[in-house]
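Reading the structure
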Amino acid sequence: MLESLPQNSNLQDPDVQSALVQITTSARWRKDSLYVTLFLGPSLLLLSVFVFWPMIKTLYLSLFLTDNLGHASVFVGLSNYVNLFKDPAYLSSLGATLLYVIAVSVLTIVLGMLLAVAAQQHLQGIRFFRTIFSSTMGISVSVAAIFWLFAFNPSVGVFAQISQVLHLPEINWLADPHFALLAVIITTVWMNLGFTFLILFGALQQLPSSLFEAAKIAGVNKTTQFFKISLPLISPTLFFVLVVTLIDAFKSFGLIDLMTVGGPNNATNLLVYRVYQDAFLNGNYGLASTESVILTVIIAIITLLQFKLLGKRVNY
Amino acid sequence: MVFKHERCWFALTMLLLVLPLGACARSEAASRTPVVFWHEMTGPGQEQLKQFAKEFNASQTKYRVEPQFEGNYNEAVQKILHTHGTSASPAVFQSMDVSTSQLYHAKIGTPMQHFIDRDHYDINQTSPVARAFYSQNGNQISMPFNTSQPVLYYNASLLKRLGIKAPPVDPSYSDITRVAKAISAKSHGKVKGLTVEEYGWLFEQFMANGNEHLANHEDGRTGIPTKVQLNTPGTQAAMKWVRENIQAGDFIDYGAGSQAESNEIAAFLAGKLGIFIQSSAYISQLLAGTKDELGITYYPHQDGKPRNGVAVGGASLWISNDKPKDVQQGAWEFVKYVMTAKAQAQWQAATGYLALNKDSQKQPILQKLYKQHPSAQIPSQQLATIKANTANSGVFMEGVIQERNLAQTAMAQIYNGKDINKALAIAEKGLNRTVASTNQANHYK
């Protein structure tokens, strides 16, 4: 490229200089773009096929009614969205989902933290408890569901028998709309605890003991030590656990399907389960796409809020 | 050198292993036409289907039926629709009752009537009520296969122990209320009298048994439904009956879905529940699970109204129209095979689904079962004594699944105290909206 330039040209001329810079950068760009395509191409291709295209298609389908083969047939604009937000059943699903997500996240983190702190004590046999606390990590959703289904059984379940012995009012955990969501929350928190415990415990173990020794010498009590030293230092981990738990809770599906199938009276019909029902049971892909788009937007907004609001308080 | 030798040995062993396999596969494939069979059966049903395929394959040399499990009914329907016309689609498949209208309108099957007419196959040996569910305008669309009907189960030994007179075989709502009340009272509340699952299928059966149509155009038998009703005198009476038992404290609610079914069965087998209504397909599980004598009656009917009979549930067999003639022929041969009196009797004994061939009842395997458990023949009797009409042949409409969800929600609301009229009206309105949108999306008039 450069050789082709006229030798006698005035290189001091600013015009010529800028032209030269342009030529060299475009040459480098051409060379770089080869590498860019080479390295990004495969993953871009995969992402386009398996992520971007389905996303665009979902957005597209959400504007249509779909026929019995799942093809877009009648364009309805935004009316799928409008109808959903006018549907009391959908709005109650939305409410139930928010309640579920908040309850699961808060309970999981608080209980996980308590267990992690407890497991830090140097007591005899603490290793056994550490194993037990993290054991739910190895339990699959179906096993957990069956275990809790037996526990919640209104005739032969553990809870029913306890309340019978103590003469407490009988609670029909999974069939009573007031308790079904609570039952699912309890089960989910129990399932999540293993993972949360393990991560938080690991983070606590990593903290340098010199800080606590110094605090002890300065006469700082254990509670203050926890809130002023431990908590700020593990805040990145806590933040990570919060984001993961929250998003996981939004995506909860297995337990609902196995325990309540969205009932009773839609009390546990969370947003993801509704998407599944509309797409794969009712064959209504248009509506299901609309619901997916809404769910995606909600998760995106909440994650963004978390990063904006909480991200500042995290000490990295 | 040693390394090289090892490689040689390895290659030789692999070759020896693979060669006979290849030879086998080739000779098999050359002589037999493969017939891929998609089904959704688990447990004993799956075992029996494998057995059928094995027996059928041994009985002839032209075709090789390959049964493949495809997950639950709902998942399978989607797979069937989306693979149709590709090499991945099955030659013969099992599809659930409520998807019949959808598959019919998607035009993916060769109607059974085509084969029946061509072979002069005697379809009259198959149960008319089951046939009616899967036919339209007198044409058999698919072949009824695994078929059940809801029945009422009661613990006969428990009733004897408590000194309660058993309900009649064709009970009315008040007959059941009487027994449920007596169970609760005489067991001092230790045993719950009755449960009826929150289940759209059972809701439909209250209408069928009361001779009421759910959808217009005679449940879709004379045209595509455009209007539906869920709030009728019949459904109100049924819900009032349940409500009455709830208020008396003789009823226990187990909710909806498979957990409700396993909970009510667990309670029944443990002697903590006296009566429940459920599919006849549970019969083998119940017989195996308890030493107590099992009592069975027909589906209860409204007082002062004769029973019209309940519709069947389950699934039917379809032959895909995207396969070559010889493959379709193989599929038809297999369908005929599983519908023989002997195969159907075997099917009922193994699974609890009802034998659909009229001559199956005389087969030794069923005679033996009935001798051991006399009540086991009640479901077959119920099926045989129903006269098929458009109210008890199932709802031929796309969107029955949505109907079941809405009806189920209404039942849950009513069981938990909501006004019956209001709950049913909401469900009806929701279903009408769904039907309108389905018809619009599919360009039905």
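Parameters at a glance
- Residues numbered from 1 in each chain as written.
- Chains lettered and ligands numbered in written order.
- Predicted model: local features only at pLDDT ≥ 70, side-chain atom pairs only at ≥ 80, totals over all residues.
- Heavy atoms only, no water.
- Helix = DSSP H or I, 4+ residues; strand = E, 2+ residues; numbered from the N terminus.
- Expected span 1.5 Å × (residues − 1).
- Buried < 20%, exposed > 50% of the residue type's maximum accessible area, 1.4 Å probe, protein only.
- Domains from an automatic or database assignment.
- Contact = heavy atoms within 4.5 Å.
- Buried area = accessible area lost by both parts, 1.4 Å probe.
- Polar contact = N/O pair within 3.5 Å; in protein donor to acceptor, adjacent residues only side chain to side chain.
- Nonpolar A, V, L, I, M, F, W, Y, C, P; charged D, E, K, R; others polar.
- UniProt positions renumbered as here; feature names shortened; annotations may be inferred.
- Pairing = 2+ DSSP bridges.
- Right-handed = clockwise from strand over helix to strand, strands pointing away.

1. A few points about helix α12 (residues 257-269) of chain B
All names here are of chain B. Compared with an ideal rise of 1.5 Å per residue, which puts 13 residues at 18 Å, α12 spans 19 Å between its outermost C-alpha atoms and is within 8% of the ideal. Every buried residue of α12 is accounted for by G257, Q259, A260, E261, N263, E264, I265, A267 and F268. G271, located one to two residues past α12, shows a positive phi value of around 75°.

2. A closer look at the domain arrangement of chain B
Residue and element names in this part refer to chain B. Under the domain assignment used here, chain B contains domain 1 (32-147 + 313-371) and domain 2 (150-310 + 398-441). Each of domain 1 and domain 2 was reduced to a C-alpha centroid, and the two centroids are 29 Å apart. Listed as interface residues are 20 residues of domain 1 and, on the opposing side, 14 residues of domain 2. Overall, the association of domain 1 and domain 2 removes approximately 1,100 Å² of surface from exposure, summing both partners, and the carbon and sulfur fraction of that is 48%. At the junction of domain 1 with domain 2, the criterion picks out six residue pairs in polar contact (both at pLDDT 80 or more). Partitioning the side of domain 1 that touches domain 2 into residue classes produces nine nonpolar, ten polar and one charged.

3. Describing the interface of chain B and chain A
Taken together, the 35 residues of chain B in the interface contact 33 residues of chain A. Buried surface at the junction of chain B and chain A, both sides included, amounts to about 2,700 Å², of which 49% is carbon and sulfur. The largest per-residue losses of area from chain B upon contact with chain A belong to Q78(B), Q259(B) and A441(B), which jointly make up 18% of the total buried on that side. Connecting chain B to chain A are nine residue pairs in polar contact (both at pLDDT 80 or more). Of all the elements in the fold, those that place two or more residues in the side of chain B that touches chain A are α3 (73-83), α4 (100-106), α12, α18 (400-415) and α19 (420-441) of chain B. Take the side of chain B that touches chain A: its biggest share by element is six residues, from α18(B). Grouping the constituent residues of the side of chain B that touches chain A by class yields twelve nonpolar, 19 polar and four charged.

4. Details of the UniProt feature "transmembrane region" (unreviewed entry) in chain A
Here the UniProt feature "transmembrane region" (unreviewed entry) sits at residues 34-53, 98-119, 131-151, 179-204, 225-247 and 292-310 of chain A. Overall, residues 34-53 of chain A shows 100% helix and 0% strand. The separation of its end C-alpha atoms is 24 Å.

5. Thoughts on the environment of Y173(B)
Residue and element names in this part refer to chain B. Here Y173 lies in helix α8 (residues 173-186). On a C-alpha basis, the gap between Y173 and G193 in space is 13 Å, while along the polypeptide they are 20 residues apart. The contact partners of Y173, leaving out residues within four places of it in the chain, are F206, A237, A238, W241, P300, H301, Q302 and D303.

6. Focus on the pairing of strand β8 (residues 150-155) of chain B
Residues and elements named next belong to chain B. For β8, a buried count of six out of six residues is recorded, marking the element as mostly surrounded by other parts of the structure. Burial along β8 is two-sided: P150, L152 and Y154 facing one way and V151, Y153 and N155 facing the other are all buried. Relative to strand β10 (residues 273-279), β8 is paired through five bridges, and the arrangement is antiparallel. Within β10, the residue paired with Y153 across the bridge is F276. Sheet analysis places β8 next to strand β11 (residues 294-297), joined by four bridges and oriented antiparallel.

7. Considerations on the domain arrangement of chain A
What the domain assignment lists for chain A is domain 1 (2-61) and domain 2 (79-313). Each of domain 1 of chain A and domain 2 of chain A was reduced to a C-alpha centroid, and the two centroids are 46 Å apart.

8. Comments concerning the pairing of strand β1 (residues 33-39) of chain B
Residue and element names in this part refer to chain B. Within β1, six of the seven residues are buried, leaving the element largely enclosed by the surrounding structure. Here β1 pairs with strand β2 (residues 63-69) via seven bridges, running parallel. From the neighbouring strand, V36 faces β2, where its bridge partner is E66. Regarding the hand of the β-α-β motif, the stretch spanning β1, helix α2 (residues 43-59) and β2 is right-handed. Pairing of β1 with strand β3 (residues 92-96), which is carried by two bridges, proceeds in the parallel orientation. The residue of β3 that forms the bridge with F37 is V92.

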